[in-house]
Amino acid sequence: MSSAVRQMAPVALLLVAVLGLFVAAESGQRRLEAVSKRIETSARRERALSEVLQLLTQAESSQRGYILLGDVAYLEPYHESAGRIPQALRELDDVFASAESPMKADIDQIERLSNAKVVEMGQTLDMFRQSGRSAAVDFVRSDIGRWAMAKISDLARKVQAEETASTLEASRSWRSDRWKSLIVTSGALAATVLLVLTLSRLFLNYLRSKEREAVDLAERQTELEQLVELRTEELSELSTHLQTVAEQERSALSRELHDELGGLLVVARMDVSWLEEHIASGDPEVRTHFKRVQEALQAGVDVKRRVIENLRPSLLDNLGLLPALRWQIADLCGRAGLNCTERYPPQEQRLSPDASIAIFRIVQEALVNIVKHAQAHNVEISIEPQDKWLIIRIKDDGVGLPPERLRALRSHGLAAMRHRASGFGGQLRVTRAPGQGTEIEARLPLDRIRASVAA
């Protein structure tokens, strides 16, 4: 314990010394900043005061030129200068807000005289319009206007002289403080170098310990990455299982609707037809009601058929993937008024049931998105085998997918399509060209989606 204290004592002394030097350097820096700020304030005051004098002089010259010569061209610079004078006076008041009392009193008087001068020039123009040029010229040649401008100029020269003296004093102080700050900073730098040399050994020991910690952290990170990968794989398997279960539930519900509800609707239609035939009423109202019931039952049959096909397309199980896709595309495009172009291989691939429903859902989800959001007129759907892949492309000429959703596939439909493709070891790619719509391409490995010989 005493050895550690002895080792740390020089370091503590060096730290105290360096801290003192840096405090001194900071104090010098603050003085330099104060001087720089004072010089900057003087420059701003000089600029604001010159701006007011320039605008007043320009306005007076333009006003006198208009009155003496009667040239309307002088009015434009007069109005421009007179319009800018209030803003210039506000800026003048702002920059001199922190000035000392005698100088602030001079600035206040300059502002009052400037405002009075603007009013006087406006009254002279009114006199010119109302009483004629001779009265306005006599007023201009009087000593009233010249006295105001002379007083403003005298006060401005007085303030400028005081500001110039203050600026020179600040400049001399700045040169003196700069050398002091340089000396203090050099001392602080030398002390810092000595401190670095003293602490280098401790720092090297610290680096060695951090390297050991980094190795341990990398090992733990590898373990966490393996755990995350395992959990991700489990979630992917779970999602695939849920999709499979959902398709099975849809298929079971479809069969139940077809068997139960379909039978009930057929029996109901038969009973209604029997009643209509045996009652044989000539009453038009009775016949209208029978017709309405028949139409309602037929509508129920159509709704039942559409629901069943949406749950599990019967064509997919009975005729295969391509007929089911043709029916789905014709139905959606027909209801949405889209012009659809389809390209399929000359011979249909023998695909597993899971792969067939996955491809059907990918095309179905893409078409639903196009109908809802794309504002497209034409759609192209193609399925073709290439080498070891089955390529499914859906392209439209709509407004295109938003870039933020395209970068992260932030859409439940797109996420489901991507998961269906990845579930078979495939890939989903979505591209967007400005003014050319969106293209969705799914690539599925043929060895994973083909039906087995035993099946």
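Refer to the structure above for everything that follows.
Residues numbered from 1 in each chain as written. Predicted model: local features only at pLDDT ≥ 70, side-chain atom pairs only at ≥ 80, totals over all residues. Heavy atoms only, no water.

**Student:** Is there a simple way to think about the packing of helix α8 (residues 321-336) against helix α9 (residues 353-374) in this case?
**Tutor:** Between two packed helices, the angle of one axis relative to the other and the distance separating the axes together describe the packing. In contact at an axis separation of 11 Å, α8 and α9 are set at 10° when each is read in the N-to-C sense. By the criterion of interaxial angle, the relationship of α8 to α9 is roughly parallel. Note on element contacts: α9 touches α8 through Ser356, Ile359, Phe360, Val363, Gln364, Leu367, Val368 and Val371, opposite Leu321, Ala324, Leu325, Gln328, Ile329, Leu332 and Ala336. Across the contact of α8 with α9, the residue classes break down as 12 nonpolar, three polar and no charged. (Axes fitted to C-alpha atoms, helices over the stretch in contact; angles between N-to-C directions. Helix = DSSP H or I, 4+ residues; strand = E, 2+ residues; numbered from the N terminus. Parallel < 35°, antiparallel > 145°, perpendicular 65-115°, else oblique. Contact = heavy atoms within 4.5 Å. Nonpolar A, V, L, I, M, F, W, Y, C, P; charged D, E, K, R; others polar.)

**Student:** Just to check I follow, could you spell out the packing of aromatic side chains for this structure?
**Tutor:** Remark: the centre distance and the inter-plane angle together describe each pair of aromatic rings, the angle taken between the planes. Overall, the coordinates contain zero aromatic pairs when judged by the stated rule. A cation sits over an aromatic face here: arginine 443 above tryptophan 389, 5.4 Å from the ring centre. (Phe/Tyr/Trp six-rings, centres within 6.5 Å; stacked < 30°, edge-to-face > 60°. Lys NZ or Arg CZ within 6 Å of the ring centre and 35° of its normal.)

**Student:** I keep staring at the nonpolar core and nothing clicks. Help me out?
**Tutor:** Note that soluble globular proteins tend to have their nonpolar side chains buried in a common cluster. Ranked by size, the top nonpolar core spans 41 residues in total, and within it Leu325, Ile359, Ile383, Leu390, Ile392, Ile394 and Ile449 carry the most contacts. Sorting the residues of this core by element identifies α8, α9, β2 (378-386), β3 (389-396), α11 (412-423), β4 (427-433), β5 (437-445) and α12 (446-449) as the ones contributing at least two each. Contact partners of isoleucine 359, with chain neighbours within four places excluded, come to Leu321, Leu351, Ile383, Leu390, Ile392 and Leu444. Counting 31 residues, the second largest nonpolar core, distinct from the first, contains Ala82, Phe128, Met149 and Ala156. (Core = buried A, V, L, I, M, F, W, Y, C linked by side-chain atoms within 4.5 Å. Buried < 20%, exposed > 50% of the residue type's maximum accessible area, 1.4 Å probe, protein only.)

**Student:** I tried to follow the pairing of β5 on my own but got confused; where do I start?
**Tutor:** Burial analysis of β5 places eight of its nine residues in the buried class, which makes it a mostly covered element. Here β3 pairs with β5 via seven bridges, running antiparallel. Bridge assignment links isoleucine 392 to a residue of β5, and that residue is alanine 442. (Pairing = 2+ DSSP bridges.)

**Student:** In this structure, what is going on with α8? I would like to understand it.
**Tutor:** For an α-helix, 3.6 residues make a turn, and residues three or four places apart therefore share a direction. For α8, built from 16 residues, the straight-helix expectation of 22 Å at 1.5 Å per residue is met to within 8% by its first-to-last C-alpha distance of 22 Å. Burial in α8 covers these residues: Leu321, Leu322, Ala324, Leu325, Gln328, Ile329, Leu332 and Cys333. Projected down its long axis, α8 carries its buried residues within an arc of 155°, all on one side. Counted as exposed and oriented over 90 degrees from the buried face of α8: Gly334 and Arg335. Just beyond α8, the residue with positive phi is glycine 337, at close to 75°. (Expected span 1.5 Å × (residues − 1). Arc of directions from axis to C-beta.)

**Student:** For this particular structure, what's the right way to read the pairing of β2?
**Tutor:** A regular strand places its side chains so that they alternate between the two faces of the sheet. Two strands pair when backbone bridges link them, and strand β1 (residues 339-343) and β2 are joined in this way by five bridges, in the parallel orientation. Residue pairing for β2: arginine 343 is matched across the bridge by serine 382. At this point the chain moves from β1, through α9, to the parallel β2, and the crossover so formed is left-handed. Looking at chain direction, β2 and β3 are connected through eight bridges and run antiparallel. Across the sheet, isoleucine 381 pairs through a bridge with isoleucine 394, a residue of β3. (Right-handed = clockwise from strand over helix to strand, strands pointing away.)

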